[in-house]
Each structure stands twice: as structure tokens, then as C-alpha cells.
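# Fold and geometry: a report
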Amino acid sequence: MNKDTLLVHVGRDPRQSQGMVNTPVYRTSTVLNPDVETYEAPRDEDYQRITYGRHGTPTTRALEEAVARLEGGYHAVALPSGLAAIAAAISAFVKPGGHILVADSVYAPTRVFCQRQLKAKGAEVEYYDPVIGGGIAALIKPNTKAVFCESPGSLTFEVQDIPAIAAAAHARGVPVLADNTWGTPYFFRSFERGVDVSIHSATKYISGHSDVMMGLIVTNEQHWRTVRRTVADFGYSVSPDDCYLALRGLRTIGVRLKQHMASALGVARWLRSRPEARHVLYPALTSHPGNTIWRRDFSGAAGLFSFILNRASERQAAAFVNSLTLFGIGSSWGGYESLATVAHPEKLRTATQWKPGGPTIRLHIGLEDPADLMADLEQGFNKLGMA
Ligand SMILES: Cc1ncc(COP(=O)(O)O)c(C=O)c1O
């Protein structure tokens, strides 16, 4: 089945729900058993059987199955947020005395989790240049328990050579964990590229309507139990109503993403022609340093990218964002609406430096008409006399 057909059919079985086209919202804590023997039967080590509300209901399983199949993984588990998914996935592998290699371009709260939580538990955290590729081999130590990737970085958009990183890590028996929120299960088939554990903020494109907080971890068969048990041990549980909303969002992820990409590409190309933009950091542009790897490994690009303002101060950058009328100012992305923020990657880096020659503006291109978005950006440039 091609992925657009799969999106329509996966995670629902009307024969199981009186012909209803969608998997219903099953709300429960207790799941009743016919007898003591069934209740006391050995636990399903794969956590697929429905046994207790905390471990998920048929609504949860429908979403998890849909995402796992779309991305080509073995199973998936839903968590209360993308950050919870990151924290649980890392915790499944990195214990006291262990060492983790983390891309220097990683989402800031991932870095905070590593600095505050992992280090306090006696683990070693080392950051690496995101474009290191197979060079990661030199950083792998006997106690390395995981390599963490995020491709592209969601502020600075370096595209990682994940197949090369995975080959080096696997040669030493080290699993590769990747935040695939930007790539999505639709545009980046993690497991075909060597990822072992793929992590999503489902808050973004999977839900797609800025009304759900959720994370998902998808794994290959080898690492499923390690990850699923960790999630169970921490007691994470997700509301079936939110799973229903996320699955409803997922049904249209294909058409939404294609539109986000077409519009983002239009805006990014336009920005490249503008003197106010020094660089445009969108992997789908042929001028982007990661374009060759992006073309090889991804089947599309999300609507999130950054650009560098030419000859502007931080104060002017803030004034520019404040002047926009169609772009909201706020966290997250992946919904239907456009957003703009001034990013500060230079404050986060430790293994590399971020000196692009001007302030970094991050845009999420939503589903508005791109002509209106370009007109809004243009009036912002003109108002501030930035040319
Ligand atoms: C790349 C990336 N990963 C993870 C997260 C965290 O997701 P959540 O906000 O659902 O916890 C975000 C949120 O902005 C993100 O941008």
C-alpha cells in the first residue's frame, strides 16, 4: 500500500465498531476479565494486549499502529508530550555510568534534560557536530549507550548523515535515537535509514491543529521491549481523547505536509531573492549545505525553516517579528498557522559555534496563501527599512 492509501485505512476497523468509520474513543481505567485465570495470565511483554487504562485502550493502539506502520517501525507508544518521549527514550538506554552522544543542534529542552537529569544520575553527556557523519566513530567509547540525532536541527537546520552515523554506531553495538519531528513518519522513513528508535513530538504535524500535546516513540523490533518497559515503569499514560484527535490529524498529514512544503519552498525562494535575508536555512533549497543528503534521505520537507537577517541587530530582529501581522509569536509549530520567532542558537552550542552573521529568524509556514505571507514579510522589511 502506498503511504497515502495507508493513511486512510490504517488504525481503524469498522467491523470491530458497529460499522463506525472511525475508531471510537474508548475511555477506561479498569478492563474487566472473564475469570481469575485470564486476569493472572502472564503479562504481554510487548504491551499490545489491552489490560489496564494506563497502558492504553483500543483508541491508543489505533494511533500507535498507524504511526508505526507509516514510519516502517515495529511498534509505537504514545506519551504525554514530545519531551516526555525524548526523556523516556534516552532513559531506556542511558543509565548511571553510561555515555550518550548528542547532536549540538538538538532541541533546547533535550539538552536541558541531558544536563539536568542525566548528569545528575551519573551519566556522561557529550555533544557532537551535527554534520560529523561517519566521523562519529571516533567519539564512541566503551560505555557509549546511545547516539542521539535530530535531523535537521529544528532551529539551525543542519541535515545529519544518519545512515553514516548509524553504520558507525551499529559497528560498535550502539543504538541510534532520532528526533524525527521535522521529518515526520510521512517524509522520513527512519528505520530504512538506520534509526533504531524514532521520537516524535506528535504535538506538531501528526496532530496538526495546535490543539494536542503528545509524543510518540517508534522502535524497531530489537529495541521495542527496552523502550516500552521504560515507558510503563515511569507510568506515562495518554488520554484516549487526545489519541483520537492525533489519529484524526494523522489522516490528513499527507495533504497538509505537501501544502506546507510547497508554500515554504515558495517563501524560502522569495527570501533568497531579498537583500534583507543573508542566508535561508531550508534543506529543500539547492543552496542549502544539507540539500544533497536531504534529497537522498527524505521524500519531502516540513514547513519550518530559519533565515538570517542581514545587517540587523537583535533589537531590529525583534521589531521585525513584532511588525508581522499574519505570523503568530509562540512556541511549537506543525499546526495550520504561521509562526515567527527570533531564535538564539548561539546561546545553546558547546561543541560547535553558531555565528551566521546576523540574527536567526525561525518561520513556520502554515496553510495560509503564501502570497499573503510574503506580502506580510515584505511590509515588515519595508517598515523597518532593512534593505
Ligand atoms: C524538534 C522538537 N522535538 C521535540 C519537541 C517537544 O515536543 P512537545 O512540545 O510535544 O513536548 C519540540 C517542540 O517544540 C520540537 O521542536
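Residues numbered from 1 in each chain as written. Predicted model: local features only at pLDDT ≥ 70, side-chain atom pairs only at ≥ 80, totals over all residues.

## A few points about the overall build of the protein
Looking only at helices and strands, the protein features 13 helices and 11 strands. The globule rule puts the C-alpha radius of gyration for 387 residues at 21 Å, and the 21 Å found for the protein is close to it. Projected onto the principal axes, the alpha-carbon positions of the protein cover approximately 75 × 55 × 35 Å. Sorting the 387 residues of the protein into buried and exposed places 50% on the buried side. Counted over contacts in the protein with a minimum sequence separation of 6, partners at least 24 positions apart contribute 75%. (Helix = DSSP H or I, 4+ residues; strand = E, 2+ residues; numbered from the N terminus. Rg over C-alpha atoms; globule rule 2.2 N^0.38 Å. Buried ≥ 20, exposed ≤ 12 C-beta atoms within 10 Å, placed from the backbone. Contact = placed C-beta atoms within 7 Å.)

## Notes on the nonpolar core
Residues A89, I90, I100, F148 and I217 are the most contacted members of the largest nonpolar core, which totals 112 residues. Looking at this core element by element, the count peaks at 9 residues for helix α4 (residues 82-93). The residues that make up this core include at least three from each of domain 1 (3-251) and domain 2 (253-383). What I100 contacts, discounting residues up to four positions off in sequence, is I90, V94, C114, L118, A123, V125, K145, A146 and F148. (Core = buried A, V, L, I, M, F, W, Y, C linked by C-beta atoms within 7 Å. Domains from an automatic or database assignment.)

## What to know about the domain arrangement of the protein
On domain assignment, one finds that the protein holds domain 1 (3-251) and domain 2 (253-383). Each of domain 1 and domain 2 has a C-alpha centre, and these two points are 27 Å apart. In this complex, domain 1 contributes 34 residues to the contact, which on the side of domain 2 involves 35 residues. When the residues that make up the side of domain 1 that touches domain 2 are grouped by side-chain class, the tally is 16 nonpolar, 9 polar and 9 charged. (Nonpolar A, V, L, I, M, F, W, Y, C, P; charged D, E, K, R; others polar.)

## Quick notes on the sheet that holds strand β7 (residues 215-219)
Spatial strand order, β1-β7-β6-β5-β4-β2-β3: 7 strands in an open sheet with mixed pairing. Sheet topology places β1 (75-79) and β3 (124-128) at the edges, where each strand pairs with a single neighbour. Here the strands of the sheet are splayed against their neighbours by 20° on average, with no regard to which way each runs. Note: strand β2 (residues 99-103) against strand β4 (residues 144-150), 4 bridges, orientation parallel. Its bridge partner being in β4, V102 is matched across the sheet by F148. (Pairing = 2+ DSSP bridges. Axes fitted to C-alpha atoms, helices over the stretch in contact; angles between N-to-C directions.)

## So, the site of the ligand
Contacts to the ligand come from 13 residues, most closely from S81, G82, L83, S201 and T203. A per-class count over the shell around the ligand returns 3 nonpolar, 8 polar and 2 charged. (Near = placed C-beta within 6 Å.)

## Overview of helix α6 (residues 162-171)
Listed as buried for α6 are I162, I165, A166, A168 and A169. The buried side chains of α6 occupy one side of the element, clustering within an arc of 165° when seen end-on. On its buried face, α6 sits against β4, β5 (176-179) and α11 (291-297). (Arc of directions from axis to C-beta.)

## Side note on the packing of helix α3 (residues 58-71) against helix α9 (residues 240-251)
Two elements in contact, α3 and α9, have axes separated by 8 Å at closest approach and are oriented at 35°. Along this stretch, α3 crosses α9, giving a crossing that reads as left-handed. Every residue of α9 that contacts α3 at T59, T60, A62, L63, A66 and V67 is listed here: P240, C243, Y244, A246, L247 and L250. Tallied by class, the residues present in the contact of α3 with α9 amount to 10 nonpolar, 2 polar and no charged. (Left-handed = near helix turned anticlockwise from the far one by under 90°.)

## Quick look at α3
The first and last C-alpha atoms of α3 sit 20 Å apart over 14 residues, in line with the 20 Å expected at 1.5 Å per residue. Burial runs high along α3: 12 of the 14 residues are buried. Burial in α3 covers these residues: T59, T60, R61, A62, L63, E64, A66, V67, A68, R69, L70 and E71. Buried-residue contacts for α3 involve α1 (3-9), β1, α7 (184-187), β6 (197-201), β7 and α9. In the stretch just after α3, G72 is the one whose phi turns positive, near 85°. (Expected span 1.5 Å × (residues − 1).)

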